[in-house]
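Observations on chain architecture
Spelled out from the first residue to the last, the chains are:
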Amino acid sequence: MEQQKENTTADIRFDNTIRFALVTTLLVLLLLAGLFLNISIGSVSISVGNVFRMLSDGIRWYVKNLFSGGKYEGELSGVVRASTQSMILFSIRIPRMLLAAVLGGALSVSGYLLQVFFRNPIAGPFELGISSGAKMVVGITLIFLAGFIGNIGSVTMVLAAFLGSLLITCIVLIFSQKVSNMAMLLVIGIMVGYVCSAVTDFCITFADDHDIVNLTNWSMGSFSGANWNQVKAACAICLPALLAAMLLSKPMGAYALGERYAKSMGVAIKPFRLALILLSSLLSACVTAFAGPISFVGIAVPHISRQLLKSSKPIFMIPTAFLSGAVFCVFCDLLARTVLAPTELKIGTVTAVFGAPVVIGMLVRRNRLSEV
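Residues numbered from 1 in each chain as written. Predicted model: local features only at pLDDT ≥ 70, side-chain atom pairs only at ≥ 80, totals over all residues. Heavy atoms only, no water.

As for the overall build of the chain
Regarding its fold elements, the chain presents 15 helices and 0 strands. Buried positions account for 46% of the 372 residues belonging to the chain. A separation threshold of at least 6 residues defines the contact pool for the chain, and within that pool the share at least 24 residues apart is 77%. When the accessible surface of the chain is summed, it comes to about 18700 Å², and 67% of that surface belongs to carbon and sulfur atoms. (Helix = DSSP H or I, 4+ residues; strand = E, 2+ residues; numbered from the N terminus. Buried < 20%, exposed > 50% of the residue type's maximum accessible area, 1.4 Å probe, protein only. Contact = heavy atoms within 4.5 Å. Areas by Shrake-Rupley, 256 points an atom, 1.4 Å probe, with all protein chains shown as cover.)

As structure tokens, this is what we get:
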């Protein structure tokens, strides 16, 4: 009997591993396809042959410069500025699509960590008001502190967004101790988000016209204006946070079965919960700082990842959620750029169109299961 149980467990693990490998392969192929489409399609179309030629020139320059200690730094202008298409490719489209992929994956993982923390599938940075809190503190920083700080860089933006995310996460955590209904927690998060938006709008009344335009455009969410410095900063923050989340995958699996079980497995609950909060807040703060608030990615994409994997094991969910979020945001950004070109839609508009039905379907399905 025990031998049969062990064989069954081994078969399940093997099936999960095979499915994870297949899903990962599919997502990587979709991501590569999305990246290539983002490079080629736009107000200025670039042929496939030109894309490969310019990419090979750029890669050859990078490798050449890397192993020469920067000796050929000046040749970059010859590669990038050889034509208008080269400048569009290297200065606009590639940084933008890479930023969309990294931040989309980060937002999805942030949502998954919140769902593990609250043990609630409808938890997400935007839906719980956490992104609105980050927006509020960033807005206050841009309006009132820019005159004292001077030029506000990426580090300041991320720190401001992180403080706002952490503040609202703590507030939602306090409310979550008082309510057990998932829908009620979502309503509380929405109300907290409205309060943060009201505070932001109040602060805007004291802002200059220039600051109002910048803050309004940023608060609607967009990957436009992305540059290589932002890509480097986003990678420097999100990739180590993703690695830290992967290292916590085993305690997450135990925590999902209940605090008592996690304690019996040797998980230090308070430090573990603190780590989840900090990682989730940092990831959502990075997204809000560089792209503004983006809706429904943090709640819808982890749910899609679970459906693809047919499993909730964190060791599989975290990389799958990251890749799924990257694919989702890359294709949403492509639609935002091209559907009404030359007018560009805000990324939050597109993600809401595709993400909201997923969330509605999830709530309806869970309501039916609860009635059975």
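Things to note about the confidence of the model for the chain
Counting all residues, the mean pLDDT for the chain is 80, and 80% of those residues have values of 70 or more. In the model of the chain, helix H3 (residues 76–80) stands out as the element of lowest mean pLDDT, 49, in contrast to helix H14 (residues 314–338), which has the highest, 92. Across residues 72–77, confidence stays below pLDDT 50; counting only partners more than four residues off in sequence or on other chains, it has 10 contacts. (pLDDT = per-residue confidence, 0-100.)

A closer look at unusual backbone geometry
Backbone geometry at phenylalanine 296 places phi at a positive 70°, although glycine is not the residue there. Along the polypeptide, phenylalanine 296 turns up in the loop between helix H12 (269–291) and helix H13 (297–309). The phi torsion at lysine 310 lies on the positive side, around 55°, for a residue other than glycine.

As for the side chain of serine 108
Tracing the chain through its elements places serine 108 in helix H4 (residues 84–118). Residue class for serine 108 comes out buried when judged on its relative accessible area of 0%. Excluding its chain neighbours within four sequence positions, the residues that come into contact with serine 108 are Val297, Gly298, Val301, Pro302, Ala321 and Gly325.

Focus: the pattern of salt bridges
Tallied over the full model, the rule gives 3 salt bridges. Between arginine 96 and glutamate 344 there is a salt bridge; the shortest N-O distance is 2.7 Å. Of the two residues, arginine 96 sits in helix H4 while glutamate 344 sits in the loop between H14 and helix H15 (347–371), which places them 248 residues apart along the sequence. With relative accessibility at 7%, the residue arginine 96 sits in the buried group. Taken together, the salt bridges that share partners define one network made up of Arg96, Asp333 and Glu344. (Salt bridge = Lys/Arg side-chain N within 4 Å of Asp/Glu carboxyl O.)

Brief notes about the nonpolar core
Core analysis: the biggest nonpolar cluster contains 89 residues, and Leu103, Leu113 and Met252 have the highest contact counts within it. The greatest single-element share of this core, amounting to 18 residues, is contributed by H4. In this structure, Leu186, Ile299, Val359 and Met362 belong to the second largest nonpolar core, which totals 6 residues. (Core = buried A, V, L, I, M, F, W, Y, C linked by side-chain atoms within 4.5 Å.)

Some points on the packing of aromatic side chains
By the definition in use, this model includes 2 aromatic pairs. With a centroid separation of 4.9 Å and an interplanar angle of 25°, the aromatic rings of phenylalanine 20 and phenylalanine 316 are classed as stacked. Here phenylalanine 20 is found in helix H1 (residues 2–40), whereas its partner phenylalanine 316 is found in helix H14, with 296 residues between them in sequence. An angle of 55° between the planes, with centres 5.2 Å apart, marks the rings of tyrosine 255 and phenylalanine 272 as tilted. (Phe/Tyr/Trp six-rings, centres within 6.5 Å; stacked < 30°, edge-to-face > 60°.)

Points about H14
Here H14 is 25 residues long and its end C-alpha atoms lie 35 Å apart, about the 36 Å a rise of 1.5 Å per residue gives. Along H14, 20 of the 25 residues are buried, which leaves the element largely enclosed by surrounding structure. (Expected span 1.5 Å × (residues − 1).)

Re the state of the cysteines
This structure, assessed with the given rule, holds 0 disulfides. Take cysteine 235: it sits in no disulfide, and the sulfur closest to it among the cysteines is that of cysteine 238, at 7.4 Å. Given the relative accessible area of 24%, cysteine 235 is considered partly exposed. (Disulfide = S-S within 2.5 Å.)

Side note on the packing of H4 against H13
One can describe the packing of H4 onto H13 by two numbers: an axis separation of 7 Å at closest approach and a directional angle of 80°. By the angle between their axes, H4 is roughly perpendicular relative to H13. Listed contacts from H13 to Gly104, Leu107, Ser108, Gly111, Tyr112 and Gln115 of H4 are Val297, Gly298, Ile299, Val301, Pro302 and Arg306. Taken together, the residues of the contact of H4 with H13 sort by class into 6 nonpolar, 5 polar and 1 charged. (Axes fitted to C-alpha atoms, helices over the stretch in contact; angles between N-to-C directions. Parallel < 35°, antiparallel > 145°, perpendicular 65-115°, else oblique. Nonpolar A, V, L, I, M, F, W, Y, C, P; charged D, E, K, R; others polar.)

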